[in-house]
Amino acid sequence: MANNNVFIALQNNEEARPIIEAIEQDNAEARVEYAPAMVKIDAPGRIVVRRASVEELIGRDWDPQELHVNLISLSGNIDEDEDEFVLHRGD
Amino acid sequence: MAAKRLSLREKYQKFTRDLAWEPSYQDKANIFPQTEFEGIHIHDWDKWEDPFRLTVDAYWKYQAEKERKLYAIIDAFSQNNGQFNVSDARYVNALKLFLQGVSPLEYAAHRGFAMAGRQFSGVGPQVACQMQSIDELRHVQTQIHTISQYNKFFNGFHDWNHMHQRVWYLSVPKSFFEDAMSAGPFEFVTAISFSFEYVLTNLLFMPFMSGAAYNGDMATVTFGFSAQSDESRHMTLGLEVIKFMLEQDERNVPIVQKWIDKWFWRGYRLLTLVSMMMDYMLPKRVMSWKEAWEMYFEENGGALFEDLSRYGIRMPKYWDVSVKEKERLSHEAWSIFYNYDHAAAFHSWLPEESEMEWLSAKYPDTFDKYYRPRYEYWRSLQEKGERWYNSTLPMLCQLCQIPMAFTEPDDPTQICYRSSEYNGDKYHFCSDGCKDIFDDEPEKYVQSWLPVHQIYQGNCGGASVPEVLEWYHLVDGQDNKEFLDSQDRANWNRWKGESDSDTDQPVKAAVND
Ligand SMILES: [Fe+2]
Ligand SMILES: [Fe+2]
Ligand SMILES: [Zn+2]
């Protein structure tokens, strides 16, 4: 079962939609799967959520910590700062 | 905006780490007496990394926002009588099991993390545990609040906490959590934050809550996902604790591996209840237990353990058995409840023909061969008015406390029995996983409060089923037994204006003797 996928799952709602769109833009290998009420996004090795990409889509300031409100689950190591939220495997 | 804005890292540092101080009147070992006895060596608490740099002000802000959203939906749900919009009345039984079995664990987690936070001598884990303790209190409160709407319309919701302390199948989740809480702080967070929340709870909260949405239960999916949004933080604490212990000292590695082995198996056995909720209790199904296990454990869990292999950590022992069992688990579990539903606080039923077809499609190697014939036989009895209830109390596994109905890893037709001797007494187990855990700490598990033993010893209101039901606060013929014969079903049909010709010919509940 060798794989190094990380994933993030978000509620499928109005607030999360631009975040999902930003993830798709910034992570070429992301695989997006819809289930009732939720969206699960898998990618090999790394997923980044960029503040700038989300702000561009919603037309207002956005703090990556706002992710907490619509986050359902995740897998991977986390790196968080003012500009991005990163999930990754390894160091 | 005169002052320069702090970076997230600086802000976090100021708001958490800088709150700590070095004690001068008391020795640190006296203030934190539990940090050493488990054998874990910590040299530098400052090496603790806080992946989510959530400060207390941001914490309250986001939690308040989550609560506002949740309560808006709960209000809308009750004002619009949302309980009538679920797929069918059978669905509600999954919620009964959730409230009796899971919500009390949220409260236990609230207590457990308050205790763990007090015992860690580093400020990083103290803050994380404290926030989690508050989260868990929120979870139990929102669940009670949301589900109370169902209590006005359906049986079985009335005394869930009392039941959690007494009813036979609820000793499975109760003893799981009490085992963790009576361990030391490092084992507790390995058990709950890592093994349960990080590795296993996705199985409960993702497919099951998504399933609630699919079955029209807007309120449950909302509290489920609201709780789950905190869960990402909890899972991250779990992973951090593991990495921290592994990085601090090489001597910690075998201890951590042993805990991972133990708590993977304990957690997996607990999820038996979830497997049958997914395959049998959701009238509209999202995915099978087998598919969920493949997605969330084999795939995601596999990636996680590969990541941890650089610390010398391997996959949990007996994970391969869980994979062998994935085509049987939910069916074996549902059969237990069909047998003993006269003593359970929710209804059971046989799958309808269309559901049998779904099950054979999802379980092509096992369902038609082993389980369909059993259900068809039970259906034939039911049609004769002899719905089967098993009046012989089952032998329970001394460790996981589930009736011993699981089969041999390599033979689905043979019940798996294992046993150990300790101080001249013989103890029984459902699996090698449960036996190993016992053998490692027999002095702990010989004390288990096993419901069946307790009934036979006369500690549960009396030796007969009616006495025990009364002691459980269960009303016979109302909260228990076959769904087809239930008040829940009759009421549902009346509310939905559906013909009740089936319920006019009640199926007699016969307990064999
Ligand atoms: Fe919780
Ligand atoms: Fe939690
Ligand atoms: Zn067992």
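Let us look at the structure shown here. This one's a predicted model, so the numbers in the text were calculated from it and none came from an experiment.

## A short note on the environment of A:D42
Piece 1. As for its position among the elements, A:D42 is in strand β3 (residues 38–44).
Piece 2. Taking the relative accessible area as the measure of exposure, A:D42 reaches 2% and is therefore buried.
Piece 3. Discounting chain neighbours no more than four positions away, the residues touching A:D42 are A:N5, A:V6, A:F7, A:E29, A:A30, A:R31, A:I47, B:E299 and B:N300.
Piece 4. Side chain to side chain, A:D42 and A:K40 meet in a polar contact 3.0 Å long.

## Description of the interface of chain B and chain A
Piece 1. Counting residues at the interface gives 42 residues for chain B, matched by 39 residues for chain A.
Piece 2. Counting each side, the surface lost to burial between chain B and chain A is near 3,400 Å², with a carbon and sulfur contribution of 53%.
Piece 3. Three residues stand out in chain B for area buried against chain A, namely B:F52, B:Y62 and B:F225, and they jointly supply 17% of the buried area on that side.
Piece 4. Two residues, A:R89 and B:D307, come together in a salt bridge whose shortest N-O distance is 3.7 Å.
Piece 5. The tally of links between chain B and chain A comes to 9 residue pairs in polar contact (both at pLDDT 80 or more).
Piece 6. Where the side of chain B that touches chain A is concerned, the elements lending two or more residues are α1 (8–15), α3 (56–79), α9 (185–205), α10 (207–214), α11 (218–248) and α14 (289–308) of chain B.
Piece 7. Counted by class, the side of chain B that touches chain A contains 21 nonpolar, 9 polar and 12 charged residues.

## Here we look at helix α18 (residues 367–383) of chain B
All names here are of chain B.
Piece 1. Buried within α18 we find F367, Y371, R372, Y375, W378, L381 and Q382.
Piece 2. Looking at the buried residues of α18, the elements they touch are α13 (272–281), α16 (329–339), α17 (353–362) and β1 (387–389).
Piece 3. Positioned one or two residues after α18, G385 has a phi angle of 80°, which is positive.

## Quick word on the coordination of the zinc ion (ligand 3)
Residues and elements named next belong to chain B.
Piece 1. All of the protein donors around the zinc ion (ligand 3) are C397 (SG), C400 (SG), C430 (SG) and C434 (SG); their distances to the metal are 2.3 to 2.4 Å.
Piece 2. Taken together, the 4 donor atoms coordinating the zinc ion (ligand 3) span angles of 106 to 116° at the metal, a pattern that classifies the geometry as tetrahedral.
Piece 3. In terms of primary sequence, the donors binding the zinc ion (ligand 3) are separated according to C-x2-C-x29-C-x3-C. The same class applies to C397 as to C400, namely buried.

## Examining the packing of helix α12 (residues 252–270) of chain B against helix α19 (residues 432–440) of chain B
Residue and element names in this part refer to chain B.
Piece 1. Contact geometry of α12 with α19 gives a least axis separation of 10 Å together with a crossing angle of 130°. Between α12 and α19, the angle is such that the two are oblique. Pair α12 / α19 crosses with left-handed handedness. For the pair formed by α12 and α19, the contact residues are K258, K262, W265, R266 and R269 on the first element and G433, C434, I437 and D440 on the second.
Piece 2. Tallied by class, the residues present in the contact of α12 with α19 amount to 3 nonpolar, 1 polar and 5 charged.

## Quick word on the coordination of the iron ion (ligand 1)
Residue and element names in this part refer to chain B.
Piece 1. For the iron ion (ligand 1), the full set of protein donor atoms is E106 (OE), E136 (OE) and H139 (ND1), at a range of 2.0 to 2.2 Å.
Piece 2. Mapped onto the sequence, the residues coordinating the iron ion (ligand 1) show the spacing E-x29-E-x2-H.
Piece 3. A separation of 3.4 Å is found between the iron ion (ligand 1) and the iron ion (ligand 2), which share E136 as a coordinating residue. Placement of the pair is E136 and H139 together in helix α6 (residues 123–151), with a separation of 3 residues, close to one helical turn.
Piece 4. Using a relative accessible area of 2% as the deciding quantity, one classes E136 as buried.

Rules of the game
- Residues numbered from 1 in each chain as written.
- Chains lettered and ligands numbered in written order.
- Predicted model: local features only at pLDDT ≥ 70, side-chain atom pairs only at ≥ 80, totals over all residues.
- Heavy atoms only, no water.
- Helix = DSSP H or I, 4+ residues; strand = E, 2+ residues; numbered from the N terminus.
- Buried < 20%, exposed > 50% of the residue type's maximum accessible area, 1.4 Å probe, protein only.
- Contact = heavy atoms within 4.5 Å.
- Polar contact = N/O pair within 3.5 Å; in protein donor to acceptor, adjacent residues only side chain to side chain.
- Buried area = accessible area lost by both parts, 1.4 Å probe.
- Salt bridge = Lys/Arg side-chain N within 4 Å of Asp/Glu carboxyl O.
- Nonpolar A, V, L, I, M, F, W, Y, C, P; charged D, E, K, R; others polar.
- Donors = N, O, S within 2.8 Å, 3.2 Å for Na, K, Ca; no water.
- Tetrahedral: all angles 85-135°; square planar, octahedral: opposite > 155°, others 65-115°.
- Axes fitted to C-alpha atoms, helices over the stretch in contact; angles between N-to-C directions.
- Parallel < 35°, antiparallel > 145°, perpendicular 65-115°, else oblique.
- Left-handed = near helix turned anticlockwise from the far one by under 90°.

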